[in-house]
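Summary of the model geometry
These are the residues of each chain, in order.
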Amino acid sequence: MKRFFFLVCVVLCLSTSCEKHPGPKTPGFQIMDANWNDTLRVAATFLVSKSFEFHVGLKLQASLDEPFVYGLNPRTVFLDDYAEHYHKPAELFAIEKIRERSEPLWEFYKTLPYGHFRMSNVYVRDTPTVYADKTLFGKEPGADLSSFFVLHQGGMFKCSGPDYKVIDGNAPLNIPLVEFFSEGTMMPFEFSLESPDLKDELFEDDNFILTFVFPVTVEHYWARLMESYDNPEAEESFSDMDMVAVVNLKGIIARSAWLF
């Protein structure tokens, strides 16, 4: 029961933080296009019984050299109270291209129960790996621990890109990490991971650091659309990177004691 109320609080915090500005009441989803950081956000790490959960999110690049840039997305182009704010020819051109590409996915989304869901033009390139700096799960430091982790919650459905194909129309829950993050999977903007098989060794020494590595391909869709307005021959633009989540487990037992 304690865990239930804690998870409700976490979900409420995440949902209220998604929108910093008032938006329309019409449900909508976003496929975000931005300059992404290779370091993922990690929050709300907690221990329940012998498993632990933590929430992960993509992080925007926000340096002086590479200020973050949002591209238009399905929610802004399909809802008039957003799209009416765009007047530049290149933006209007981009709106039409984004509508053409994402309309089937938008129509699918409208068949789902009400909810807001953010994805990204970031696609899994290879199987993610997980390793610890100490022996964990009976594995030596540096050994791949990905088989011990599941995607606890990853949004409203699973989609593959860059063709925006719905792979599973059900909300992904408790799916093995390596199964959900298969090649081509579009990265959710936020998701939670869990280890359902945490051994007693963590209770003896919780001074661990876990590192999750997600090899991905980033599509620079917005930049290509802007270039395509003046140059119809502009080629698709992609780049590879590793998105890394570092989870420090030190003190996790003390922080989570009230859940037991």
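What counts and how
- Residues numbered from 1 in each chain as written.
- Predicted model: local features only at pLDDT ≥ 70, side-chain atom pairs only at ≥ 80, totals over all residues.
- Heavy atoms only, no water.
- Phe/Tyr/Trp six-rings, centres within 6.5 Å; stacked < 30°, edge-to-face > 60°.
- Helix = DSSP H or I, 4+ residues; strand = E, 2+ residues; numbered from the N terminus.
- Expected span 1.5 Å × (residues − 1).
- Bend = angle between axes of the 7 residues up to and from the residue.
- Buried < 20%, exposed > 50% of the residue type's maximum accessible area, 1.4 Å probe, protein only.
- Pairing = 2+ DSSP bridges.
- Contact = heavy atoms within 4.5 Å.
- Arc of directions from axis to C-beta.
- Polar contact = N/O pair within 3.5 Å; in protein donor to acceptor, adjacent residues only side chain to side chain.
- pLDDT = per-residue confidence, 0-100.
- Core = buried A, V, L, I, M, F, W, Y, C linked by side-chain atoms within 4.5 Å.

**As for the packing of aromatic side chains**
Summed over the entire model, instances satisfying the criterion amount to 13 aromatic pairs. With centroids separated by 6.4 Å and ring planes inclined at 25°, the aromatic side chains of Trp106 and Tyr109 adopt a geometry described as stacked. Of this pair, Trp106 and Tyr109 both sit in helix α4 (residues 89-109), separated by 3 residues, roughly a single helical turn. Look at Phe137 and Phe148: their rings are 4.3 Å apart centre to centre, the planes differ by 15°, and that puts the pair in the stacked class.

**A few points about α4**
Look at α4: 28 Å from first C-alpha to last across 21 residues, which is about the 30 Å you get at 1.5 Å a residue. Maximal helix bending in α4 amounts to about 55°, located at Ser102; proline Pro104 follows within four positions. Taken as a whole, α4 has its buried residues at Ala90, Glu91, Ala94, Ile95, Ile98, Arg101, Ser102, Leu105, Trp106 and Tyr109.

**Details of the pairing of strand β12 (residues 209-219)**
Taking burial as the measure, the 11 residues of β12 include 10 buried ones, the bulk of the element. With 3 bridges connecting them, strand β4 (residues 117-124) and β12 associate as antiparallel partners. Note on β12: the bridge partner recorded for Val124 is Val216. With 11 bridges connecting them, β12 and strand β13 (residues 238-248) associate as antiparallel partners. Note that in β13 the partner of Val213 across the bridge is Val244.

**Focus: the environment of Val247**
Within the secondary structure, Val247 is located in strand β13. In the structure, Val247 is positioned 35 residues away from Phe212 in sequence and 8.1 Å away in space, judged by C-alpha atoms. Residues contacting Val247, with those up to four places away along its chain left out, are Val42, Thr45, Phe54, Phe208, Ile209, Leu210 and Phe212.

**Points about helix α7 (residues 221-230)**
Among all positions in α7, only Tyr221, Trp222, Arg224, Leu225 and Ser228 are buried. For α7, the arc enclosing every buried residue in end-on projection is 160°, short of the 170-degree limit, so these residues lie on one face. As for α7, its buried residues are in contact with α4, β4 and β12.

**Looking at the side chain of Arg101**
Structurally, the position occupied by Arg101 is in helix α4. A polar contact of 2.7 Å, which involves the side chain of Arg101, links it to the backbone oxygen of Pro162. Within the structure, the side chain of Arg101 is placed 3.0 Å from the side chain of Glu219, a separation counted as a polar contact.

**Here's the deal with the confidence of the model for the protein**
Of all residues in the protein, 71% attain a pLDDT of 70 or more, and the chain-wide mean is 79. Every residue in residues 1-27 scores below 50 in pLDDT, and together they form 34 contacts with partners more than four places removed in sequence or on other chains.

**Remarks on the environment of Arg224**
Along the chain, Arg224 falls in helix α7. In this structure Arg224 comes out as buried when scored by relative accessible area, which is 18%. Placed 13 residues apart in sequence, Arg224 and Ser237 show a C-alpha to C-alpha distance of 6.5 Å.

**Some remarks on the nonpolar core**
Ranked by size, the top nonpolar core spans 38 residues in total, and within it Trp36, Phe149, Phe181, Leu193, Leu210, Phe212 and Phe214 carry the most contacts. Where this core is concerned, the elements lending two or more residues are β3 (51-57), β4, β5 (129-132), α5 (177-180), β11 (190-195), β12 and β13. Among the elements that take part in this core, β12 stands out by supplying 5 residues, more than any other.

**Observations concerning unusual backbone geometry**
In most cases, non-glycine residues show a negative phi, while peptide bonds are predominantly trans. Cis geometry marks the peptide bond from Gly161 to Pro162, where omega comes out at 10°. Here Pro162 shows up in the loop between β7 (158-160) and β8 (165-168). The phi dihedral of Phe137 is positive, around 55°, even though this residue is not glycine. The topology assignment puts Phe137 in the loop between β5 and β6 (150-153). Notably, Asn174 is not glycine yet its phi reads approximately 50°, a positive angle. Its place among the elements puts Asn174 in strand β9 (residues 173-176).

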